[in-house]
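Working through the structure, step by step
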Amino acid sequence: MKIFVPNQTQSDETRVAMVPAAIKKIVSPVVQVLVERNAGVLSSHRDEAYVGAGAQIVGDDGWAAADVVLVVRAPAIEQARAMRSGAVLIGMLSPNKNLELLDALAQQGVSAMAMEYLPRITRAQAMDTLSSQANIAGYKAVILAAEKCPKIFPMLMTAAGTLQPVKVFVIGAGVAGLQAIATARRLGAVVTAYDVRPAVKEQVQSVGAKFMELPLETAGAQDAGGYAKELSPEQQARQREMMKKAIRESDVVITTAAIPGKPAPKLIPADAVGQMQPGSVIVDLAAETGGNCELTEPGKTIEKNGVTIIGILNVPATVPFHASQVYAANLAGMLKLMITKEGQLKIDTADEVIAGVLLCHGGAIVHPRMKELMAHV
Ligand code: NAD
């Protein structure tokens, strides 16, 4: 069994799919790990560390040699075409944005697995890349805000007077939002948070923030999978109005609100930004799906009337060492499900976790969501 970890640096990705510590646990007399030269260089892992962990350093010939290829993000089509029939590709493949790649993988006979589609069930927690990466993003959002904010976060009582703590408002308290709250609290900020799922209130309070109550009747705002459902246009408009005061009174607003498969809800209109104090900062972690703030420009940091709006993309890649460490642990969990003690690949399509992530298999698209999307192309 050969597992290949390619170099992703050509696609501006700083993370790597396997770190040396995780490889140590995978390598065995029947499992070989091939790592492309310099694959870990941007996440502070030298080739020598991979060799020390039992891996072999190779060139891009690993694509054709491997039984399993582990990536961070979707590969180029030529790389997919180099893979052999029956091989497995695992990564955050953004399948709905990569239909052409998916078609090529299916034609090639590759079994492709998209980690974004992992069912959020207890058994799969250790493999949950959305959570592992969102956790890092939530932390980094606060650091980015602190860096741009003209105030320090904690309260300071000094001989020169008292400095008031900054007020942080976190909108959306899923994995990223809860980590943002905890991080801002550790820096000494006073934190308020809101989420449309009422079930989140206790979690928000347990990490030290005040939960903002909005009379929005959101009792049915959570689906069976624990995700938020989209609010009606009227509810969204009411939410925007009711949050304006909290936004106006905050030094930092961190937004993470997302609805799976939908553009990010627009929760901060331009006029709410106009009412914020100069020096205030918005970090829009939903920039990837269009942004929660009407003025966010995905991929850019801009200033409007003295308010900084950070629309940074791929936030976990700005913390590549730890983001890669937890991502590698997630993928190691997937491999455990699929490789037998004898080093044979076993793709059990009846397993809920495998079926959840499997996009194409045996030369055909098998994922129901992908079949539906492909039918409309
Ligand atoms: P996400 O990234 O899909 O969304 C972020 C947050 O935005 C969510 O909390 C959502 O409720 C919120 N949101 C959506 N619309 C909003 C609006 N209009 N206003 C305010 N907030 C809004 O979420 P996530 O972080 O991926 O987590 C989704 C769910 O999955 C959560 O319930 C989480 O606890 C759950 N989860 C379960 C497991 C598990 O193993 N059981 C693991 C991880 C996450």
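Now for a look at the structure at hand. The model shown is predicted, which means the values in this text are computed figures rather than measured ones.

**Observations concerning the environment of Gly356**
With respect to the helices and strands, the residue Gly356 is situated in helix α12 (residues 352-357). Owing to a relative accessible area of 16%, Gly356 belongs among the buried residues under this scheme. Sequence spacing of Gly356 and Ala270 is 86 residues, and the spatial spacing of their C-alpha atoms is 39 Å. In this structure, Gly356 is in contact with Tyr117, Pro119 and His367, ignoring residues within four places of it in sequence.

**A few points about the sheet that holds strand β2 (residues 32-36)**
Reading across from one edge, β3-β2-β1-β4-β5-β6-β16-β17 is the order of the eight strands in this open sheet, with mixed pairing throughout. The open sheet has two free edges, formed respectively by β3 (56-58) and β17 (364-365), since each of these has just one partner strand. Relative to strand β5 (residues 88-92), strand β4 (residues 68-73) runs parallel, the two sharing four bridges. Following the sheet pairing, Val69 is matched in β5 by Leu89.

**A look at the pairing of β2**
Within β2, four of the five residues are buried, which leaves the element mostly enclosed by the surrounding structure. Two strands pair when backbone bridges link them, and β2 and β3 are joined in this way by three bridges, in the parallel orientation. Each bridged residue has a counterpart across the sheet, and for Leu34 the counterpart in β3 is Gln56. For the crossover from β2 across helix α2 (residues 47-52) to β3, the handedness is right-handed.

**So, the site of the ligand**
Around the ligand sit 23 residues, and of these Val175, Asp195, Arg197, Gly226 and Gln239 come closest. Between Val175 and the ligand, the recorded distance is 2.7 Å, taken from a backbone N or O atom to an oxygen atom. Between the ligand and Arg197 there is a distance of 2.5 Å, counted from an oxygen atom to a side-chain nitrogen or oxygen. Of the residues contributing to the shell around the ligand, the split by class is 12 nonpolar, seven polar and four charged.

Analysis parameters
- Residues numbered from 1 in each chain as written.
- Predicted model: local features only at pLDDT ≥ 70, side-chain atom pairs only at ≥ 80, totals over all residues.
- Heavy atoms only, no water.
- Helix = DSSP H or I, 4+ residues; strand = E, 2+ residues; numbered from the N terminus.
- Buried < 20%, exposed > 50% of the residue type's maximum accessible area, 1.4 Å probe, protein only.
- Contact = heavy atoms within 4.5 Å.
- Pairing = 2+ DSSP bridges.
- Right-handed = clockwise from strand over helix to strand, strands pointing away.
- Near = heavy atom within 4 Å.
- Polar contact = N/O pair within 3.5 Å; in protein donor to acceptor, adjacent residues only side chain to side chain.
- Nonpolar A, V, L, I, M, F, W, Y, C, P; charged D, E, K, R; others polar.

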